[in-house]
Amino acid sequence: MATEQISPRYLSLDSWSTAEMMAAMYEGQLSAAAAVRGALNDIAAAVDDAVPALQRGGRIVYAGAGTSGRIAVQDGTELPPTFGWPADRVVYAMAGGLGALVESVEGAEDDEEAGAAAMADARIGPDDVVLGIAASGTTPFTIGALRAASTAGAVTIALANNAGAPLFVVARHRILVETGTEVIAGSTRMKAGTAQKIVLNLFSSAVMVQLGRVYLGMMVHMRASNAKLRQRAEGMVRQIVGCDAESAARYVEQAEGDVKTAVMLGFGLDPAEAAAVLERHKGNLRDAVDEVRRI
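My aim in this report is to walk through the structure given alongside it, one point at a time. All figures in this text were calculated on a predicted structure; none of them were measured in a lab.

Some thoughts on the pairing of strand β4 (residues 155–160)
Thinking step 1. Counting buried positions along β4 gives six out of six residues, so the element sits mostly inside the fold.
Thinking step 2. Residue alternation in β4 divides its side chains into two sets, V155, I157 and L159 and T156, A158 and A160, and both sets are buried.
Thinking step 3. Pairing of strand β3 (residues 129–134) with β4, which is carried by six bridges, proceeds in the parallel orientation. Each bridged residue has a counterpart across the sheet, and for A134 the counterpart in β4 is A160.
Thinking step 4. A crossover links β3 with its parallel partner β4, the connecting element being helix α6 (residues 140–151), and its sense is right-handed.
Thinking step 5. Two strands pair when backbone bridges link them, and β4 and strand β5 (residues 173–176) are joined in this way by four bridges, in the parallel orientation.

Some details on the nonpolar core
Thinking step 1. Judged by nonpolar contacts, the single largest core of 33 residues is most densely connected at Y62, V129, L131, I175 and F203.
Thinking step 2. Of all the elements in the fold, those that place two or more residues in this core are α2 (40–55), β1 (60–64), α3 (66–77), α4 (79–83), β3, β4 and α8 (191–210).
Thinking step 3. By residue number, the principal contributor to this core is α2, which donates seven residues.
Thinking step 4. Excluding residues that lie within four positions of it along the chain, F203 makes contacts with I43, A46, V47, A50, V129, L131 and I157.

Observations concerning the pairing of β1
Thinking step 1. Among the five residues in β1, five count as buried, and that is most of the element.
Thinking step 2. Side chains I60, Y62 and G64 of β1 all project onto a buried face; the interleaved residues V61 and A63 project onto the opposite face, where all are buried too.
Thinking step 3. Relative to strand β2 (residues 90–94), β1 runs parallel, the two sharing five bridges. Looking at the pairing, V61 lines up with V91 of β2.
Thinking step 4. With five bridges connecting them, β1 and β3 associate as parallel partners. Looking at β3, one finds that V61 is bridged to V130.

Thoughts on the environment of P81
Thinking step 1. Counting through the fold element by element, P81 comes out in helix α4.
Thinking step 2. With relative accessibility at 46%, the residue P81 sits in the partly exposed group.
Thinking step 3. Measuring from C-alpha to C-alpha, the distance between P81 and A224 comes to 9.1 Å, with 143 residues separating the pair along the chain.

A short note on a negative patch on the surface
Thinking step 1. Taken together, the side chains of E106, E109, D110, D111 and E113 define an acidic patch exposed on the protein surface.
Thinking step 2. Considering the arrangement of structural elements, one finds E109 in the loop between β2 and α5 (112–121).
Thinking step 3. For E109, a relative accessible area of 37% puts it in the partly exposed group.

Overview of the side chain of S204
Thinking step 1. Within the element layout of this structure, S204 appears in helix α8.
Thinking step 2. Judged by relative accessible area, which is 3%, S204 ranks as buried.
Thinking step 3. Aside from chain neighbours lying at most four places away, what touches S204 is Y62, D75 and L79.

Description of α8
Thinking step 1. The end-to-end C-alpha distance of α8, which contains 20 residues, comes to 29 Å, matching closely the 28 Å that a straight helix rising 1.5 Å per residue would cover.
Thinking step 2. Along α8, the residues that are buried comprise K191, A192, G193, A195, Q196, K197, V199, L200, F203, S204, V207 and M208.
Thinking step 3. Among the residues trailing α8, G212 stands out with phi positive, at a value near 80°.

Some words on the sheet that holds β2
Thinking step 1. Here we have five strands laid out as an open sheet, ordered β2-β1-β3-β4-β5, and parallel in their pairing. The open sheet terminates on both sides in strands that have one partner only, identified here as β2 and β5. Between one strand axis and the next, the sheet turns through 15° on average, direction left out of account.
Thinking step 2. Running at roughly 145° to β5, α2 makes contact with β1, β3, β4 and β5 of the sheet.

So, the packing of aromatic side chains
Thinking step 1. Counted according to the given criterion, the structure contains two aromatic pairs.
Thinking step 2. Over the ring of Y251 we find R250, and its NZ or CZ is 5.2 Å from the ring centre.

Some remarks on the packing of helix α11 (residues 259–266) against helix α12 (residues 271–280)
Thinking step 1. Two numbers describe how α11 lies on α12: the axes approach to 9 Å, and their chain directions differ by 120°. Judged by the inter-axis angle, α11 sits oblique to α12. For the element pair α11 and α12, the recorded crossing hand is right-handed. Of the residues in α12, those touching α11 at K260, T261, M264 and L265 are P271, A274, V277 and L278.
Thinking step 2. Tallied by class, the residues present in the contact of α11 with α12 amount to six nonpolar, one polar and one charged.

So, how was this worked out
- Residues numbered from 1 in each chain as written.
- Predicted model: local features only at pLDDT ≥ 70, side-chain atom pairs only at ≥ 80, totals over all residues.
- Heavy atoms only, no water.
- Buried < 20%, exposed > 50% of the residue type's maximum accessible area, 1.4 Å probe, protein only.
- Helix = DSSP H or I, 4+ residues; strand = E, 2+ residues; numbered from the N terminus.
- Pairing = 2+ DSSP bridges.
- Right-handed = clockwise from strand over helix to strand, strands pointing away.
- Core = buried A, V, L, I, M, F, W, Y, C linked by side-chain atoms within 4.5 Å.
- Contact = heavy atoms within 4.5 Å.
- Patch = residues over 30% accessible without salt bridge, like charges linked within 9 Å, V, L, I, M, F, W, Y side chains within 5 Å.
- Areas by Shrake-Rupley, 256 points an atom, 1.4 Å probe, with all protein chains shown as cover.
- Salt bridge = Lys/Arg side-chain N within 4 Å of Asp/Glu carboxyl O.
- Lys, Arg positive; Asp, Glu negative; His and termini not counted.
- Charge placed at Lys NZ, Arg CZ, Asp CG, Glu CD.
- Expected span 1.5 Å × (residues − 1).
- Axes fitted to C-alpha atoms, helices over the stretch in contact; angles between N-to-C directions.
- Phe/Tyr/Trp six-rings, centres within 6.5 Å; stacked < 30°, edge-to-face > 60°.
- Lys NZ or Arg CZ within 6 Å of the ring centre and 35° of its normal.
- Parallel < 35°, antiparallel > 145°, perpendicular 65-115°, else oblique.
- Left-handed = near helix turned anticlockwise from the far one by under 90°.
- Nonpolar A, V, L, I, M, F, W, Y, C, P; charged D, E, K, R; others polar.

Don't take any of this as a statement about function, it's just geometry.
And the structure:
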């Protein structure tokens, strides 16, 4: 596996100055980002397959171990506050349990049956989207999870950093990001981890855009639940409706922090009418705004 090999370039790393070491590590991060470009079409295909399943009420499921699992959980936990995605529609299958996020559980990643059991416990079905992430692509827990999810008919996506990874065999979609050798051999928290985070950022953000949770480049499906988010919500309403700050604040207040509803109120609809228009367009604000502007 390339991610485990020792690079001759870095054999003397521990004798370099801090500045030289830093430059080498930085270059590695840049190369990790560049490696993602070759996977863009595969990421897009996975998004296009995932969206219809999620529109049917499916869940986003992350399966992984160690660094890969932690990066996956980070991606998932950001979906509710950023895009208003329901927290009960995000599932985490972390080798060793969620406690392994902060303390390594040795040997947990080697249990393929535990990965399969996690999918059974979550009652994975055809409407679910399961992402299995493993830098090596050989992690038994993650393979077991994806194999079971595929058998259950779920949309399965494998993300790995080594070509020919066994993880790819058990998934419908295969996202390979060849980051190669690490500056510190085998330390996949570095280049491989950076690339994984970029892929997950791209995947989940594109999914949310396609689900109508973004309009004019803004996170319009979020709910203003604190002072910072209320200020952001008011700014979005002001931008979309073309009203003053005071009016935008009033609409957000009347909508109880729901940006899409606040926009509809800003266009002169009452709460019932706003709800009806948004329901008619399945929450797609662009379509809802277009209808209101035609009235």
